[in-house]
Amino acid sequence: MSIPLSKGVAMCLCAGLISDTLNLTSPTTTELDRDMLAWLTNIAEVDATQFTHDFFASGSLLRKGSVDELIGTDRKQFNEGGKFISISQVEEMDLERFSERADEMITGLERLISNKGYDVALLAVTDITKHYSKIVAVGDPRVIEALPFDEISKNVLDADGVVSRKKQIFPAVSDAIRCAAAISLESI
């Protein structure tokens, strides 16, 4: 059975699929995603690469958003190993304005921890064109020190090749919590 799909609906579905898979480059991408995007771009009459650029460039939170928007737009919370965690993610075309907003993001995450009672709060700002993230991390220093990312400066980490919260960031945080707990037990 063939399902008729309007150009407008196909374009909306393209946006969702491109956003979710970073135009099929995320580790969460499936073969079905690839097939669906090819089918949808044909109906929507768009080029996936150009659409991706236009889609992400138009909504840069790093350039135009408040710190609350940066932290809250795509934020998930977890309870792992007795730790209450917040992980936010923002996808950008480049990280040109990251450094000038880093202190503001740190302060915003510290406020989030204070207001919500998190043990650890992270904000991953992901460059979708170069496939890496810079992660602002605040909270329990034992957990942050155990994260497998390179420290750029206090509370700012470089995560080369990291684009997926689900498959890369959350597992790294879970491992860091276990590692921090093991170190704490050893020191007793």
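These notes cover the structure that comes with them. It should be emphasised that the depicted structure is a prediction, and the values quoted were computed from it without experimental measurement.

## Notes on the overall build of the protein chain
Phase 1 of the analysis: Summing up its helical and strand segments, the protein chain has eight helices and six strands in all.
Phase 2 of the analysis: Scanning the protein chain from its N terminus toward the C terminus, one meets helices and strands in the order α-α-α-α-α-β-β-α-β-β-α-β-β-α.
Phase 3 of the analysis: Dimensions along the principal axes, computed over C-alpha positions, put the protein chain at roughly 65 × 35 × 30 Å.
Phase 4 of the analysis: Every one of the 188 residues in the protein chain was classed for burial, and the buried ones make up 44%.
Phase 5 of the analysis: Each charge sign in the protein chain was given a centre, from 19 positive and 29 negative side chains, and these centres are 4 Å apart.

## Examining the nonpolar core
Looking at soluble globular proteins, one finds that nonpolar side chains tend to be buried together.
Phase 1 of the analysis: Ranked by size, the top nonpolar core spans 22 residues in total, and within it Phe98, Met105, Leu109 and Leu123 carry the most contacts.
Phase 2 of the analysis: Elements supplying a minimum of two residues to this core: helix 4 (61-64), helix 5 (67-72), helix 6 (98-116), strand 3 (120-127) and strand 4 (132-139).
Phase 3 of the analysis: Sorting elements by how many residues they give to this core places helix 6 first, with seven residues.
Phase 4 of the analysis: The residues touching Leu123, leaving out its near neighbours within four places in the chain, are Leu70, Ile71, Ser88, Gln89, Val90, Met105, Leu109, Lys134, Ile135 and Val136.
Phase 5 of the analysis: Core analysis: the next-biggest nonpolar cluster, separate from the first, contains 21 residues, Val120, Ile169, Val173 and Ala180 among them.

## Some remarks on the environment of Phe170
Phase 1 of the analysis: Along the chain, Phe170 falls in helix 8 (residues 165-186).
Phase 2 of the analysis: Apart from the residues within four sequence positions on either side, Phe170 is in contact with Phe78, Glu80, Ile87 and Arg165.

Rules used in this analysis
- Residues numbered from 1 in each chain as written.
- Predicted model: local features only at pLDDT ≥ 70, side-chain atom pairs only at ≥ 80, totals over all residues.
- Heavy atoms only, no water.
- Helix = DSSP H or I, 4+ residues; strand = E, 2+ residues; numbered from the N terminus.
- Buried < 20%, exposed > 50% of the residue type's maximum accessible area, 1.4 Å probe, protein only.
- Lys, Arg positive; Asp, Glu negative; His and termini not counted.
- Charge placed at Lys NZ, Arg CZ, Asp CG, Glu CD.
- Core = buried A, V, L, I, M, F, W, Y, C linked by side-chain atoms within 4.5 Å.
- Contact = heavy atoms within 4.5 Å.

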